[in-house]
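# Descriptive analysis of the structure
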Number of protein chains: 2
Amino acid sequence: MSKKEHIVIIGAGLCGSMLALRLAQRGYKISLYEGRPDLRTTDISAGRSINLALSDRGLRALDMVGIADKVLPLCIPMHGRLIHDTKGNTFASNYSGRKGEYINSVSRGDLNALLLTEAEKHENVNIHFNKKCINVDIEKPTAEFQCYLTKEEFTVDADVIFGADGAGSALRKSYYLEKKFLFSYSQNFLTHGYKELEIPADQVGNHQISKDHLHIWPRGQYMLIALPNLDGSFTVTLFLSYDEGEYNFNNLTTIEKVREFFESEFPDTLPLIPDLKNEFFNNPTGSLGTVKCSPWYYKGKTLLIGDAAHAIVPFYGQGMNASFEDVVVFDEILDQYEGDWDTVFKMYQKTRKEDTDAIADLAIDNYYEMRDHVANPIFKEKRKLEMELEKAFPEEYSSKYSMVTFNEHISYAKAMKIGRAQDKALLNLIADKEIDADLDMKQILQQVQKETDEILEEDKIARLK
Amino acid sequence: MSKKEHIVIIGAGLCGSMLALRLAQRGYKISLYEGRPDLRTTDISAGRSINLALSDRGLRALDMVGIADKVLPLCIPMHGRLIHDTKGNTFASNYSGRKGEYINSVSRGDLNALLLTEAEKHENVNIHFNKKCINVDIEKPTAEFQCYLTKEEFTVDADVIFGADGAGSALRKSYYLEKKFLFSYSQNFLTHGYKELEIPADQVGNHQISKDHLHIWPRGQYMLIALPNLDGSFTVTLFLSYDEGEYNFNNLTTIEKVREFFESEFPDTLPLIPDLKNEFFNNPTGSLGTVKCSPWYYKGKTLLIGDAAHAIVPFYGQGMNASFEDVVVFDEILDQYEGDWDTVFKMYQKTRKEDTDAIADLAIDNYYEMRDHVANPIFKEKRKLEMELEKAFPEEYSSKYSMVTFNEHISYAKAMKIGRAQDKALLNLIADKEIDADLDMKQILQQVQKETDEILEEDKIARLK
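- As annotated in an unreviewed UniProt entry, chain A carries the name Kynurenine 3-monooxygenase and is attributed to Aquimarina spongiae.
- Recorded in UniProt for chain A, the comment headed Sequence similarities (unreviewed entry) runs: "Belongs to the aromatic-ring hydroxylase family. KMO subfamily."

Right under this line is the structure:
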């Protein structure tokens, strides 16, 4: 088996640069093409703006390529949600009842820069910036690029081409338009968009609100969140409907109206966001979409990976983690079938697709959970009980959130299936007041497990399996 | 309000010609454009091939436009499924326990011809055949066509343009490519395709197998079905994977292999399909896909309707019925908001979308039910019990199938929600042997209703509503 094969990777974002690094470590000749300039030498936003939450699945990939220790200094641990009501009161809701389980706020730009630098240390890696992919001939395969600076167009031959070019993937577009095979494809937008704002650091460079939490202002039809940055600031994101409800992006056209909205719904944030007018009217309104498709590959010639194959909404903090886990799973498949790209691609999708479908659906679930349910009394009681169960039985109980976020050895699909049944069991036991105050924690655990098993069994019978 | 507005309808299939007829009855000036020749004067397949099953929702639309009595002579009633096992044994499974509830096998071509003729009786309707839509300018709005005969291209102005142009809609493609708004869109193909075959009439023109049934040969991974035609023949459809399993479309490349497949799986059909070789190798292999999208409209200028908005797989026999029901619902919305197309289109989608999403999902459910579950003992016991319940309590009990097929006053979305819960209740009661032989039918009904209500309530609590 030759390791001299030439691999073209389209897109040097988080997934593309992680993949380049891993395949370089395996000895392939890598050409990595990126449409934007080098973010290490140019002052650009990395293009995607919602802060990233790095957790165990992402860390596993960083471990695999041997750079986890270089990433930790970039991270700010967030141990739970801090929920703000309209009167400025807060309450904390931990992510886990176990010690050492937390998520990490990290800058997309810093992490991307580190991955590029690590990849470039390999002499078999060449990175080409300002080269935008405009088309892929999936049969040959070749990729066509245009240089942003010279406008010159050129074509690159490859043995294999990976599309790690994100939600707007040029490779995926080629699959769709060329109609060489039946291509199942979906793009689904939420009715809400988002807008970034900033809580700057205080005068001595400290965080103005707790940096140990992901802050949420849940209001049902809209939501504000804030994640801490290393420089003492917070990146704040407003999620709001384009055109429905009393306040929406279409009708918030004056600073007076925007202030009225914030005073009514997020009053405690107004003193913290001094540049509200400028940010609200100058920052773009981003859209929130889910992309699913199949197949991801064409013969043994091209493969979609990361957001190009499965873009998800940001509400589970799993977008980057899922893309990094793609590379881990792909690497395991390569261990088994290296040398036979047809089989590698087929087995990779077979192994991975149900999990990326699951995290896409879980991320939509969390959209409703974050903007609405977190303020619901039954939901709050459920989370409190789950924290107690995780604390009392760290080995025996994991919430859905824990399975998704902290248990990289449970697949997303399994976490979804069991987690949803467990949530349903808990909510129904609480609503029906079946969890007796006289029971000890062990009895409650058994009650929850029994109810969860029954729900899973009933669903199975209903599917006639 | 002027009724002189000029409406262009793209597509003179079942939905387009039904819509043209109804809007003509309301006084609009209608230009109906169709890419194919006039099927009344040209010997063509109507383009879509799976036989149609006309049921109550479709009949309601035919009633609305006043031609139901002209359609009934074209119909062959099918009272249930006749299921064939591999040994040639059959058993019947009725569609309903009530009298007078059946579905109708009808020829797409005959029905389409009738609708065209009825529409043309109105002097405010002009039908243009052989004019294929190649683009729509949704802002003006104008539609661009090419004449199949002269290859000439021309543009048509309209006050409003309807895209009734089916699963491959040109109007929908304009929405997708123009990117004037966030367009949520999905196309999902099954892993199985289909192939049409024929059981001809016997020598005196009679049906060779029961014409009162929809015949099914369910085999898990594949399935054969047959629907009767007026001329004594049956249209047979084979549903088979493209590339998986021992037998699939890719590996059935010789008549010997095809015969071996039929002898092993559908032996009783071999003597009935004399032209198997010719039909199997000359008829095209069709694909099976679901299309969903949103929004269906652009301002008050253009609207997608029928398959163009929501193509579904054929397994519930509801494709035509859903498209006809679109016209009924649209007509009701027009009653309320006529004169304000913006509001008409918005309210139409708001009213209708959840129902077309539901029938799309129900049709996928039925794919698994038909090819697999119908042969499952628990499923068979459930259907038997449902027939008894419908017979004993015609007013109080309806199966999911009955709600979808025979109850046009229950929306698809409601039929899905209640029907799925009821199915789950029945299957679990049967599997757990909780339906006691000593109970009378009234007690069983109450037991099923109680269990169904509990399932609905538990789901509601789990959604925190």
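### Structural notes on the pairing of strand 14 (residues 213-218) of chain B
Residue and element names in this part refer to chain B.
- Among the six residues in strand 14, six count as buried, and that is most of the element.
- Along strand 14, one buried face is formed by H213, H215 and W217 and the opposite face, lined by L214, I216 and P218, is buried too.
- As judged from the four bridges shared by strand 14 and strand 15 (residues 223-228), these two strands associate in the antiparallel manner. Counted as the bridge partner of I216 is I225 from strand 15.
- Joining the antiparallel neighbours strand 14 and strand 15 is a turn of four residues, in which G220 adopts a positive phi near 75 degrees.

### Here's the deal with the domain arrangement of chain A
Residue and element names in this part refer to chain A.
- We note that the domain assignment places domain 1 (6-75 + 107-187 + 289-364), domain 2 (190-287) and domain 3 (376-462) within chain A.
- Between the C-alpha centres of domain 1 and domain 2 the distance comes to 31 Å.
- Facing the 11 residues of domain 1 at the interface are 12 residues of domain 2.
- Buried surface at the junction of domain 1 and domain 2, summed over both partners, amounts to about 920 Å²; 66% is from carbon and sulfur atoms.
- At the junction of domain 1 and domain 2, the tally comes to zero salt bridges.
- Counting across the interface, domain 1 meets domain 2 through zero residue pairs in polar contact (both at pLDDT 80 or more).
- Its residues placed into classes, the side of domain 1 that touches domain 2 shows eight nonpolar, three polar and no charged.

### Looking at the packing of helix 13 (residues 412-431) of chain A against helix 14 (residues 441-462) of chain B
- At a closest axis distance of 8 Å, the pairing of helix 13 of chain A and helix 14 of chain B adopts a crossing angle of 100 degrees. Of the possible angle classes, the one that applies to helix 13 of chain A and helix 14 of chain B is roughly perpendicular. Contact residues: K424, L427, N428 and A431 of chain A in helix 13 of chain A; E458, D459, I461 and A462 of chain B in helix 14 of chain B.

### Examining the sheet that holds strand 3 (residues 52-54) of chain A
Residues and elements named next belong to chain A.
- The three strands are arranged 3-7-4 in an open sheet whose pairing can be described as antiparallel. Of all the strands in the sheet, just strand 3 and strand 4 (76-78) have a single pairing partner and so form its edges. Adjacent strand axes in the sheet meet at a mean angle of 40 degrees, parallel and antiparallel pairs treated alike.
- Alignment of strand 3 against strand 7 (residues 103-106), held across three bridges, turns out to be antiparallel. Looking at strand 7, one finds that L54 is bridged to N104.
- Sheet strands in contact with helix 9 (residues 319-337) are strand 3 and strand 7, and its direction is about 50 degrees off that of strand 3.

### Observations regarding the environment of I312 of chain A
Residue and element names in this part refer to chain A.
- In this fold, I312 is placed in the loop between helix 8 (307-310) and helix 9.
- For the pair I312 and L288, spaced 24 residues apart in the sequence, the C-alpha separation amounts to 8.1 Å.
- With residues near it in sequence (within four places) discarded, I312 still touches G289, Q318, G319, I359 and A360.

### Overview of the interface of chain A and chain B
- If you look at the interface, chain A gives 26 residues, while chain B gives 26 residues.
- Together chain A and chain B conceal approximately 2600 Å² of surface at their shared face, both sides included; 60% is due to carbon and sulfur atoms.
- When the shortest N-O distance is used, the salt bridge between K424 of chain A and D459 of chain B registers 2.5 Å.
- Counting across the interface, chain A meets chain B through 10 residue pairs in polar contact (both at pLDDT 80 or more).
- Per-element tally for the side of chain A that touches chain B: the top contributor is strand 13 (residues 184-199) of chain A, with six residues.
- Considered class by class, the residues forming the side of chain A that touches chain B number 13 nonpolar, eight polar and five charged.
- Sheet topology places strand 13 of chain A next to strand 13 (residues 184-199) of chain B; three bridges connect them, and they run antiparallel. Pairing of Q187 of chain A across the sheet is with Y185 of chain B, part of strand 13 of chain B.

What counts and what doesn't
Residues numbered from 1 in each chain as written. Chains lettered and ligands numbered in written order. Predicted model: local features only at pLDDT ≥ 70, side-chain atom pairs only at ≥ 80, totals over all residues. Heavy atoms only, no water. UniProt positions renumbered as here; feature names shortened; annotations may be inferred. Buried < 20%, exposed > 50% of the residue type's maximum accessible area, 1.4 Å probe, protein only. Helix = DSSP H or I, 4+ residues; strand = E, 2+ residues; numbered from the N terminus. Pairing = 2+ DSSP bridges. Domains from an automatic or database assignment. Contact = heavy atoms within 4.5 Å. Buried area = accessible area lost by both parts, 1.4 Å probe. Salt bridge = Lys/Arg side-chain N within 4 Å of Asp/Glu carboxyl O. Polar contact = N/O pair within 3.5 Å; in protein donor to acceptor, adjacent residues only side chain to side chain. Nonpolar A, V, L, I, M, F, W, Y, C, P; charged D, E, K, R; others polar. Axes fitted to C-alpha atoms, helices over the stretch in contact; angles between N-to-C directions. Parallel < 35°, antiparallel > 145°, perpendicular 65-115°, else oblique.

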